[in-house]
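Below, each chain spelled out in residue letters.
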Amino acid sequence: MTEQLGFAAMFLDQRLGSNAKLEQIDSLIDWMRLAAIVTPVRSGETGRPPYAALSMLKALYLQALYDLSDPGLEEALLDRLSFRRFCGFALDAGTPDETTICRFRAALAGAGLLEACFQEVNRQLEARGLVLKKGTLMDASIVAARHNPPPRDAGMGATHPREPGADWTNKSGKSYFGYKLHIGIDEGSGIVRQARFTPARTADSAVADALISGDERAVYADRVYDMKARRHWLRAAGIHDRLMHRANKHHPKLPFWKQRRNQLIARRRAPVEAVFSAMKRLYGKARARCHSLERNAADFFAFLTIFNLRRVTLKQA
């Protein structure tokens with residue numbers, strides 16, 4: 001850790017508060033590039049001097065990594081020396097309370113800066129040769145809204161007054177209220193290269209082109225992404241088309257070769273499902289935390305950033 005923990009740290013055992021996982025993550029990238037992105041929202045021109053923007057940003061990444069609420073993060077920053085070391089808070093310094101954490105996240109969300117940090121981290125990982133570019137695996141997953149769905153007597157397609165960005169979708173004959181996270185991951189490394197966070201009604205295929213980086217050798221996706229125009233575009237770009245075929249009214253049953261091709265593609269794209277499984281089971285991202293689409297999108301970009309960094313450290317172990 002490059003941050004100074006203050007004068008008191010000189011008298012402590014260097015092993016105190018050590019955390020190998022956080023130390024590996026901290027050494028992966030140049031954090032000052034992220035500091036340059038987020039510092040403008042913490043100018044400190046009015047009011048009391050703010051906490052360092054980079055320390056606050058790292059605190060948000062810890063929150064995503066350990067599935068903490070805002071009060072839980074406030075308590076952990078007070079209680080856990082390893083968190084202070086990672087964020088750069090001195091032993092004798094104050095740490096942000098839950099209101100400060102919430103306001104900082106809102107400021108970043110309003111300026112789209114957590115997505116910018118996600119992109120910057122990916123640029124650094126790519127520069128280190130950690131992005132393989134063999135292929136992109138695309139998929140989307142439903143994220144439940146923070147609030148319970150509107151009651152049935154509110155009518156079909158009703159929204160929640162406190163969460164206007166969430167809406168309805170159907171999957172396998174069942175209705176869901178919330179959002180969708182769309183991702184494109186790098187085949188082999190498992191790094192999430194592209195992502196979009198939308199209302200649940202947004203069709204998976206509608207944002208698919210934004211999940212393609214353009215420098216991968218192939219694109220693997222489920223049958224819902226099957227479009228002639230997309231296949232033509234991929235071939236024109238020199239990218240192998242690995243989109244599964246789907247039946248239609250003219251061809252209600254796929255020929256054997258297309259069925260077999262779909263089976264082979266399904267095996268290759270399976271790792272993207274593991275990302276969503278980990279996201280919901282291990283990181284508590286089955287349900288949104290915030291009240292607006294903008295803030296929830298920022299929260300998920302923070303998660304994807306730390307997910308990528310953690311993914312790299314696990315690969316290197």
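Relevant structure appears above.
Structural notes, computed from the coordinates.

Analysis parameters
Residues numbered from 1 in each chain as written. Predicted model: local features only at pLDDT ≥ 70, side-chain atom pairs only at ≥ 80, totals over all residues. Heavy atoms only, no water. Helix = DSSP H or I, 4+ residues; strand = E, 2+ residues; numbered from the N terminus. Rg over C-alpha atoms; globule rule 2.2 N^0.38 Å. Buried < 20%, exposed > 50% of the residue type's maximum accessible area, 1.4 Å probe, protein only. Expected span 1.5 Å × (residues − 1). Bend = angle between axes of the 7 residues up to and from the residue. Phe/Tyr/Trp six-rings, centres within 6.5 Å; stacked < 30°, edge-to-face > 60°. Lys NZ or Arg CZ within 6 Å of the ring centre and 35° of its normal. Core = buried A, V, L, I, M, F, W, Y, C linked by side-chain atoms within 4.5 Å. Contact = heavy atoms within 4.5 Å. Pairing = 2+ DSSP bridges. Right-handed = clockwise from strand over helix to strand, strands pointing away. Polar contact = N/O pair within 3.5 Å; in protein donor to acceptor, adjacent residues only side chain to side chain. Salt bridge = Lys/Arg side-chain N within 4 Å of Asp/Glu carboxyl O. Axes fitted to C-alpha atoms, helices over the stretch in contact; angles between N-to-C directions. Parallel < 35°, antiparallel > 145°, perpendicular 65-115°, else oblique. Left-handed = near helix turned anticlockwise from the far one by under 90°. Nonpolar A, V, L, I, M, F, W, Y, C, P; charged D, E, K, R; others polar.

To continue, consider the overall build of the chain. Per the secondary structure count, the chain includes 10 helices and six strands. Computed over the C-alpha atoms, the radius of gyration of the chain is 22 Å, within 12% of the 20 Å expected from 2.2 N^0.38 for a compact globule of 317 residues. Along the first, second and third principal axes, the C-alpha atoms of the chain reach 75 × 50 × 35 Å. Put simply, the chain has 317 residues, and 48% of those count as buried.

With that out of the way, let us pick up helix H9 (residues 256-281). Taking 1.5 Å as the rise per residue, H9 with 26 residues should run 38 Å; its terminal C-alpha atoms sit 36 Å apart, in good agreement. At Arg268, H9 shows its strongest bend, of approximately 40 degrees, with the proline Pro271 following within four residues. Within H9, burial applies to Arg261, Asn262, Ile265, Arg269, Val272, Val275, Phe276, Ala278 and Met279.

A few words on the packing of aromatic side chains. One pass over the full model with this rule turns up 11 aromatic pairs. Look at Phe118 and Phe301: their rings are 5.4 Å apart centre to centre, the planes differ by 55 degrees, and that puts the pair in the tilted class. A residue pair is termed long-range when its members are at least 10 positions apart, and Phe118 in helix H7 (residues 113-127) and Phe301 in helix H10 (residues 293-316) qualify at 183 residues. One exposure class covers both Phe118 and Phe301, and it is buried. The structure contains a cluster of three or more aromatic residues connected by ring pairs, namely Trp31, Tyr61 and Phe86. If you follow Lys58 out to its NZ or CZ, it ends over the ring of Phe86, 4.9 Å from the centre. Of note, Arg80 hangs over the ring of Tyr66, and the distance from its end group to the ring centre comes to 5.1 Å.

With that out of the way, let us pick up the nonpolar core. Core analysis: the largest hydrophobic core is formed by 72 residues, its most contacted members being Trp31, Leu57, Tyr61, Leu181, Ile183, Val192 and Leu309. For Trp31, the residues in contact, after removing those within four places along its chain, are Ile25, Asp26, Leu54, Lys58, Tyr61, Phe86 and Leu309. Within the second largest apolar cluster, 11 residues are counted, among which are Ala208, Ala221, Tyr225 and Ile239.

Covered by surrounding structure in strand E5 (residues 218-221) are Ala218 and Tyr220 together with Val219 and Ala221, the residues of both alternating faces. Taken together, the four bridges between E5 and strand E6 (residues 240-243) define a ladder with parallel strand orientation. Across the sheet, residue Ala221 finds its bridge partner in E6, namely Leu243. Tracing the backbone out of E5, into helix H8 (residues 228-236) and back to the parallel element E6 gives a crossover that is right-handed.

Turning our eyes to something else, we now look at the side chain of Asp241. Mapped onto the elements, Asp241 comes out in strand E6. Among the polar contacts listed, one links the side chain of Asp241 to the backbone nitrogen of Leu243, at a separation of 2.9 Å. What Asp241 contacts, discounting residues up to four positions off in sequence, is Val219, Arg231, Leu234, Arg235 and Arg261.

What follows is about the pattern of salt bridges. Inspection of every chain in the model, using the stated rule, returns 22 salt bridges. Note that Arg235 is salt-bridged to Asp241, the shortest N-O span being 3.7 Å. Here Arg235 falls in the partly exposed class, since its relative accessible area comes to 48%. Residues Arg269 and Glu273 are paired through a salt bridge, measuring 3.5 Å at the closest nitrogen-oxygen approach. Linking Arg269 with Glu273, this pair stays in helix H9, spanning four residues, or about one helical turn. The buried category is assigned to Arg269, whose relative accessible area is 7%. Classification of Glu273 by relative accessible area gives partly exposed; the value is 39%. A single salt-bridge network, built from bridges that share partners, covers Asp226, Arg231, Arg235, Asp241 and Arg261.

All right, on to the packing of helix H2 (residues 31-38) against H7 then. Axis angle and axis distance: for two packed helices, these are the angle between their axes and the distance between the axes, and together they describe the pair. Their axes nearest at 10 Å, the elements H2 and H7 cross at an angle of 160 degrees. It follows from the interaxial angle that H2 and H7 lie roughly antiparallel. In terms of crossing hand, the pair formed by H2 and H7 is right-handed. The segment H2 lies against H7, with Arg33, Leu34, Ile37 and Val38 engaging Leu113, Ala116, Cys117, Glu120, Val121 and Gln124. For the contact of H2 with H7, the residue count by class is seven nonpolar, one polar and two charged.

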